[in-house]
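In case you want the letters, here they are:
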Amino acid sequence: MKKKIAIIGASHFQSPLILKAKEMGLETHTFAWACGDIGETQSDFFYPISIVEKEQIAEKCQEIGIDGICSIASDLANITVSYVANELGLTANSVETVAATTNKSIMRSILLENQDPSPKSITFSTKDSLDKLDSLTYPIIVKPSDRSGSRGITKLSDPNGLEDAIKQARNESFNGNVMVEEFAGGEEFSVEFISWQGNHYPLAITKKYTSGSPRFIETGHIIPASLDQSTRSRLFKTVASALTHLGVVNGASHSELKIDFNDEETISIIEIGSRMGGDCIGSDLVVQATGYDFLENVIKVALGEQPELPNLMEDGSAQPASHAACIRFIFDDQDLIALEQLRQDKELELVFESPIMPMNQTIVDSSTRYGYYIFKSDSADVLLPYLPH
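Computed from a prediction, not measured in an experiment: that's the story for all the values here. (Residues numbered from 1 in each chain as written. Predicted model: local features only at pLDDT ≥ 70, side-chain atom pairs only at ≥ 80, totals over all residues. Heavy atoms only, no water.)

Describing the sheet that holds strand β2 (residues 27-31)
Reading across from one edge, β3-β2-β1-β4 is the order of the four strands in this open sheet, with parallel pairing throughout. Looking at which strands have only one partner, the edges of the open sheet turn out to be β3 (45-47) and β4 (68-70). Each strand of the sheet is rotated relative to its neighbour by a mean of 20°, with strand direction disregarded. Where β2 and β3 come together, three bridges link them in parallel fashion. For H29, the partnering residue across the bridge sits in β3 and is F45. (Pairing = 2+ DSSP bridges. Helix = DSSP H or I, 4+ residues; strand = E, 2+ residues; numbered from the N terminus. Axes fitted to C-alpha atoms, helices over the stretch in contact; angles between N-to-C directions.)

Digging into the packing of aromatic side chains
With the rule as written, the count across this model stands at nine aromatic pairs. Joined through ring pairs, the aromatic side chains of F329, F352 and Y372 make up one cluster. Note that K207 overlies the ring of Y209, its terminal NZ or CZ placed 4.7 Å from the centroid. Above the plane of the ring of F216 lies K258, whose end atom (NZ or CZ) is 5.6 Å from the centre. (Phe/Tyr/Trp six-rings, centres within 6.5 Å; stacked < 30°, edge-to-face > 60°. Lys NZ or Arg CZ within 6 Å of the ring centre and 35° of its normal.)

Observations regarding the nonpolar core
Judged by nonpolar contacts, the single largest core of 53 residues is most densely connected at I5, F294 and F375. By residue number, the principal contributor to this core is helix α10 (residues 294-302), which donates six residues. Not counting residues within four places of it along the chain, the set of residues in contact with I5 comprises A21, L26, E27, T28, H29, G68, I69, C70, A302 and L303. With 23 residues, the next largest nonpolar core counts F236, L257, I259 and A318 among its residues. (Core = buried A, V, L, I, M, F, W, Y, C linked by side-chain atoms within 4.5 Å. Buried < 20%, exposed > 50% of the residue type's maximum accessible area, 1.4 Å probe, protein only. Contact = heavy atoms within 4.5 Å.)

So, the pairing of strand β12 (residues 251-260)
The element β12 is largely enclosed, with a buried count of 10 among its 10 residues. Two strands pair when backbone bridges link them, and strand β9 (residues 187-196) and β12 are joined in this way by nine bridges, in the antiparallel orientation. Following the sheet pairing, I194 is matched in β12 by A252. In the sheet, β12 pairs with strand β13 (residues 266-273) via seven bridges, with the strands oriented antiparallel. What sits directly across from S255, in β13, is I272. The turn joining β12 and β13, which pair antiparallel and follow one another in sequence, is formed by five residues; a positive phi near 55° is taken by E264.

Quick word on the pattern of salt bridges
Within the structure shown, the criterion is met by 21 salt bridges. Across the pair D279 and R369 runs a salt bridge, and its minimum N-O distance is 2.6 Å. Of this pair, D279 sits in the loop between β13 and α9 (281-290) while R369 sits in the loop between β15 (349-353) and β16 (372-377), and the two are 90 residues apart along the sequence. Of the two residues, D279 and R369, both sit in the buried class. (Salt bridge = Lys/Arg side-chain N within 4 Å of Asp/Glu carboxyl O.)

Okay, here's the thing in structure tokens:
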């Protein structure tokens, strides 16, 4: 009899997870608000239940008799995954851990308490006055305490516009709280891990490209990041420590950090999610660059099966990537010109092109980008000219 896997969410970012589960011979049961998303028809069974209706989903999963539950690239879905898994005695992180990795206020408090490198931060609620923020040194970042995807983020170099930035972040927040924290300088990276029974196994480091101030919307990513082995090792050790302190035990994690190369390579943890990273990093770039099937092993963990454990170097670092893989997002005509140029380049492979949305709306966060394309090569040097500047 086929094992049954529940998948929370039906968007195009969940599509690779659904297809991988079916490839593994599993019976797929997908839950999401019915809106015509691709996963609604890809899954063996679809249930038009919003991903926030965790009690209703748990009841249905109990009735179905699922063997595991998972989701990727969504903090909101991760909350439901944890709740249902813990209600049904399945493998997942605890509800407390998922709360700590989806609520930036809780996360920052735990990181600071355990001396994990983290910017000075203040949680700002509707009851607070602006005087509460006087101890922070500008520039600062204002963002919702419980959202991802660059939603509601503003960088300020002085107090001008602070009230508007807080209002904007609060409008994007589910719980109404806003995080205001000192801006960490440096270049941005993300680190991908898979954890099994409390042990953490590093997979890859991604270099992130963004639109810059004020919203820092991701414009592209590349694996591997160009870092020396000493810096790679420090990043992996920093993240592994933070994962333990946050209570991460099983499954994927996606950690975002900055390294200030002008300040003794100071590392700052921006945030950590106890789920696979979005922007196709976990679902596509990791396997294209390293050969490690992240999706398959996340599903194995959800089923309570030991995942394939990656081979590590002597210092505990991930093995260097054997290939290089990129994603570039479409913001304007320059991104389309780069796409046309790389189509003609015989030294690389165009792996995937998404549909391109009408380019007539303002891009305000990652959900409003017009499209993307994924490409790879044996060498990162071949790919770098096609990344956004």
